[in-house]
Amino acid sequence: QVQLVESGGGLVQAGGSLRLSCAASVRTFSPYHLGWFRRAPGKEREFVAAISWSGGSTYYADSVKGRFTISRDNAKNTALLQMSSLKAEDTAVYYCAARRGPWAVVTTRQSYDSWGQGTQVTVSS
């Protein structure tokens, strides 16, 4: 497993932008595929975006496609989630997660075995 720490959350007005970071404490970051999930008040944790170990493949939930961008820097053991055109419904706690194995589009949280503590994003309308 790998230890993950998210940062960058906060309060932003609708239409604004935020960039979330996920820092990994691991000797070798590159074997891990990464995902971002979120949990809104009263809702289940849902998939947001995923990126392969190399950064060459990405996948987004329909609700964020075109507004969010996931990226990673393996040299810095860091993953980013750039969020733009934020909406009130994007308000949630955002979690970074990691998994190993062959790359595939994996949106189920049970498939990720390492999680961060989450960072709160609040979008005011």
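Residues numbered from 1 in each chain as written. Predicted model: local features only at pLDDT ≥ 70, side-chain atom pairs only at ≥ 80, totals over all residues. Heavy atoms only, no water.

## Here's the deal with the overall build of the chain
Broken down by element type, the chain carries zero helices and eleven strands. Scanning the chain from its N terminus toward the C terminus, one meets helices and strands in the order β-β-β-β-β-β-β-β-β-β-β. In terms of C-alpha radius of gyration, the chain reaches 13 Å, essentially the compact-globule figure of 14 Å for 125 residues. The dimensions of the chain, computed from C-alpha atoms along their principal axes, are 40 × 25 × 25 Å. (Helix = DSSP H or I, 4+ residues; strand = E, 2+ residues; numbered from the N terminus. Rg over C-alpha atoms; globule rule 2.2 N^0.38 Å.)

## Observations regarding the side chain of S52
Mapped onto the elements, S52 comes out in the loop between β5 (46–51) and β6 (58–60). Given a relative accessible area of 3%, S52 falls into the buried group. With near-sequence residues (within four places) excluded, S52 lies in contact with H33, S57, R72 and W103. (Buried < 20%, exposed > 50% of the residue type's maximum accessible area, 1.4 Å probe, protein only. Contact = heavy atoms within 4.5 Å.)

## Topic: the packing of aromatic side chains
For any pair of aromatic rings, the description consists of the separation of the ring centres together with the inter-plane angle of the planes. Under the definition given, this model contains six aromatic pairs. An aromatic cluster is built from F37, F47, Y59, Y95, Y112 and W115, whose rings are joined through pairwise contacts. For R45, the ring lying beneath its charged end belongs to W115, and the centroid distance is 4.7 Å. (Phe/Tyr/Trp six-rings, centres within 6.5 Å; stacked < 30°, edge-to-face > 60°. Lys NZ or Arg CZ within 6 Å of the ring centre and 35° of its normal.)

## Focus on the sheet that holds strand β3 (residues 18–25)
Strand order in the open sheet made by the four strands is β1-β3-β8-β7, with antiparallel pairing throughout. Each end of this open sheet is capped by a strand with a single partner; those strands are β1 (3–7) and β7 (68–73). In this sheet, neighbouring strand axes are inclined to one another by 15° on average, regardless of whether the strands run parallel or antiparallel. Bridge analysis of β7 against strand β8 (residues 78–83) gives six bridges, and the strand direction is antiparallel. (Pairing = 2+ DSSP bridges. Axes fitted to C-alpha atoms, helices over the stretch in contact; angles between N-to-C directions.)

## A word on unusual backbone geometry
Although it is not a glycine, N77 adopts a positive phi angle of roughly 55°. Following the sequence through the fold, N77 ends up in the loop between β7 and β8. A positive phi angle is found at S85, which is not glycine, with a value near 50°. Relative to the helices and strands, S85 is located in the loop between β8 and β9 (92–99).

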